[in-house]
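Chain by chain, the residues run as shown.
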Amino acid sequence: MTIAAAVQMKAVTPVEFERVIVDTTVQEKAIAYPTDSRLLEVARARLVQLAQRAGLTLKQTYEREGKSLRRRAGGYAHAKQFKRLRRVLKRQRTVLGRLLRDIERKLTGATREQQAQLRVWLERAWRICRQRPKDKGKLYALHAPEVECIGKGKARQPYEFGVKVSLAITEKQGLIIGARAFPGNPYDGHTLAEQLEQSSILLQDVPGAAQPKTVLVDLGFRGVDAEVSSVHLIHRGKHKTLTRTQRRWLKRRQAIEPIIGHVKHDHGMQRCWLKGQTGDALHAVLCAAGYNLRWLLRAIVRLGLRPIFFILASLHWLVNVTPHPLLLHRDHFRRPSFPSPIDCAIGSARHAN
């Protein structure tokens, strides 16, 4: 609807959809930083809570020891005493394993619904208990197993925990015509075909809109020309074979970077609070729609409502600052103001002196 509104108000011409810019970013999930000691303690506390709700009598909950081990692990990590830290982590895994085996032995004492719920959390807790730093497919949040560890090469933030999101914008005006989440942390180039498919679907119902024919990307999308043979892929690696016009188009490639920043910091893509992979996909689309709405408001001002706003501002200033001709003699109609008792007492004292 935002794309169709932009075309109907002539803020963007249908021809501009033939040339788009595509890039990827990370939509972080609303989770704490996944340290091993924290994950082990959260899994222990969660399992104890669920077992008590199900009416299971545990041999030991390790509540006091669990909190003590979590505090010690934080202190050792801060002091870079990694040998002591590994010793604490080993003890935390031992505690969690004992608790898991105790719950599994007594699981038959719960109802079927409670058993089904407990088995889901038991499977996740076993993954946390057995995973090691160099393993693949690790679990980074007990309540959000879909979270991936993604490294985008940023010096300030080497790793981000969430889902990869691809954005597609028009090359000239910067209107977002596609936003799609890609679970599993795929290679950037392998997301391009599905992103163009989504953009084509969204542009089908727009009157007179053309399908994307030229795509401007960065070097992360090299080697996928066969997968997107229907469009012409332009990136910096093809600089020697590009025409002068195509090189001029390529200079607009980095225009998507500030748009990604605005979508993340002004429209909520910085942190996703919705549940599951479906929540990640919906959140990406809603954030892009929010950016397009603000884009439309700026386009309204740019296309012709600026004089109206100027006239309204002038009228507001005239009413509040310049007196109206009919109100020039309003002093004649004011009620007489009498001095207060305090002013009368002060005046009488001065007269006596």
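Residues numbered from 1 in each chain as written. Predicted model: local features only at pLDDT ≥ 70, side-chain atom pairs only at ≥ 80, totals over all residues. Heavy atoms only, no water.

1. Observations concerning helix H5 (residues 112–130)
(1) Moving on: Taking 1.5 Å of rise per residue, 19 residues should cover 27 Å, and H5 covers 27 Å from first to last C-alpha, within 8% of that figure.
(2) Moving on: Among all positions of H5, only Gln115, Leu118, Trp121, Leu122, Arg124, Ala125, Trp126, Ile128 and Cys129 are buried.
(3) Moving on: Looking at the buried residues of H5, the elements they touch are helix H2 (36–53) and helix H4 (82–105). (Helix = DSSP H or I, 4+ residues; strand = E, 2+ residues; numbered from the N terminus. Expected span 1.5 Å × (residues − 1). Buried < 20%, exposed > 50% of the residue type's maximum accessible area, 1.4 Å probe, protein only. Contact = heavy atoms within 4.5 Å.)

2. Some remarks on the packing of aromatic side chains
(1) Moving on: Inspection of the entire model under this criterion finds two aromatic pairs.
(2) Moving on: Taking 5.3 Å as the distance between ring centres and 90° as the angle between the ring planes, the aromatic pair formed by Tyr33 and Phe161 counts as edge-to-face. Placement of the pair is Tyr33 in the loop between strand E1 (19–28) and H2 and Phe161 in strand E3 (residues 160–170), with a sequence separation of 128 residues.
(3) Moving on: In this structure Phe161 comes out as buried when scored by relative accessible area, which is 10%.
(4) Moving on: Centre to centre, the rings of Tyr140 and Phe161 are 5.4 Å apart; their planes meet at 50°, and the pair counts as tilted. Taken together, the residues span a long stretch of sequence, with Tyr140 in the loop between H5 and strand E2 (148–150) and Phe161 in strand E3 at a distance of 21 residues.
(5) Moving on: The buried category is assigned to Tyr140, whose relative accessible area is 16%.
(6) Moving on: Three or more aromatic residues joined by ring pairs form one cluster here, namely Tyr33, Tyr140 and Phe161.
(7) Moving on: The ring centre of Trp121 lies 4.7 Å from the NZ or CZ of Arg46, which sits over that ring.
(8) Moving on: Cation over ring: Arg298 sits above Tyr291, and NZ or CZ is 5.9 Å from the ring centre. (Phe/Tyr/Trp six-rings, centres within 6.5 Å; stacked < 30°, edge-to-face > 60°. Lys NZ or Arg CZ within 6 Å of the ring centre and 35° of its normal.)

3. Concerning empty space enclosed by the protein
(1) Moving on: Summed over all chains, the structure comprises one cavity of 30 Å³ or more.
(2) Moving on: Taken as a whole, the largest cavity encloses approximately 40 Å³ of empty space.
(3) Moving on: Taken together, Leu40, Glu41, Arg44, Gly66, Leu69, Gln92, Val95 and Leu96 form the lining of the largest cavity.
(4) Moving on: At the level of secondary structure, the elements contributing two or more residues to the lining of the largest cavity comprise H2, helix H3 (63–78) and H4. (1 Å grid on protein atoms, 1.4 Å probe; cavity = no way out; pocket = protein on both sides within 12 Å on 5 of 7 lines; lining within 4 Å. Points joined across faces, edges and corners; volume = space filled by probe spheres on them.)

4. With respect to unusual backbone geometry
(1) Moving on: The phi dihedral of Tyr62 is positive, around 60°, even though this residue is not glycine.
(2) Moving on: Structurally, Tyr62 can be placed in the loop between H2 and H3.
(3) Moving on: Positive phi, normally seen in glycine, also occurs at Asn185, with a value near 55°.
(4) Moving on: With relative accessibility at 31%, the residue Asn185 sits in the partly exposed group.

5. Section: the nonpolar core
(1) Moving on: In terms of nonpolar packing, the biggest core is built from 48 residues, with Phe17, Val22, Leu192, Val215 and Trp295 touching the most fellow members.
(2) Moving on: Top element by residues in this core is helix H9 (residues 276–321). It accounts for seven residues.
(3) Moving on: Not counting chain neighbours up to four residues away, the residues in contact with Val22 comprise Ser166, Leu167, Ala168, Leu192, Gln195, Val215, Leu216, Val217, Phe221 and Ile256.
(4) Moving on: Counting 31 residues, the second-largest nonpolar core is a separate cluster that includes Leu39, Tyr76, Ala125 and Leu139. (Core = buried A, V, L, I, M, F, W, Y, C linked by side-chain atoms within 4.5 Å.)

6. What to know about the confidence of the model for the chain
(1) Moving on: When pLDDT is averaged along the chain, the result is 88, and 88% of the positions lie at 70 or above.
(2) Moving on: Averaged pLDDT values over the elements of the chain bottom out at 49 in helix H10 (residues 341–352) and peak at 96 in H4. (pLDDT = per-residue confidence, 0-100.)

7. With respect to the pattern of salt bridges
(1) Moving on: Summed over all chains, the structure comprises 17 salt bridges.
(2) Moving on: Between Asp23 and Arg253 there is a salt bridge, and its shortest N-O distance comes to 3.4 Å. Of this pair, Asp23 sits in strand E1 while Arg253 sits in the loop between helix H7 (244–250) and helix H8 (256–265), and the two are 230 residues apart along the sequence. Here Asp23 matches Arg253 in class, with each residue buried.
(3) Moving on: When the shortest N-O distance is used, the salt bridge between Asp102 and Arg105 registers 3.7 Å. One end of the pair, Asp102, and the other, Arg105, are both in helix H4, three residues apart, so they sit about a helical turn from each other.
(4) Moving on: For Asp102, a relative accessible area of 4% gives the class buried.
(5) Moving on: The exposure class assigned to Arg105 is exposed, which follows from its relative accessible area of 57%.
(6) Moving on: A single network of salt bridges, built from pairs that share partners, joins Asp23, Arg253 and Glu257. (Salt bridge = Lys/Arg side-chain N within 4 Å of Asp/Glu carboxyl O.)

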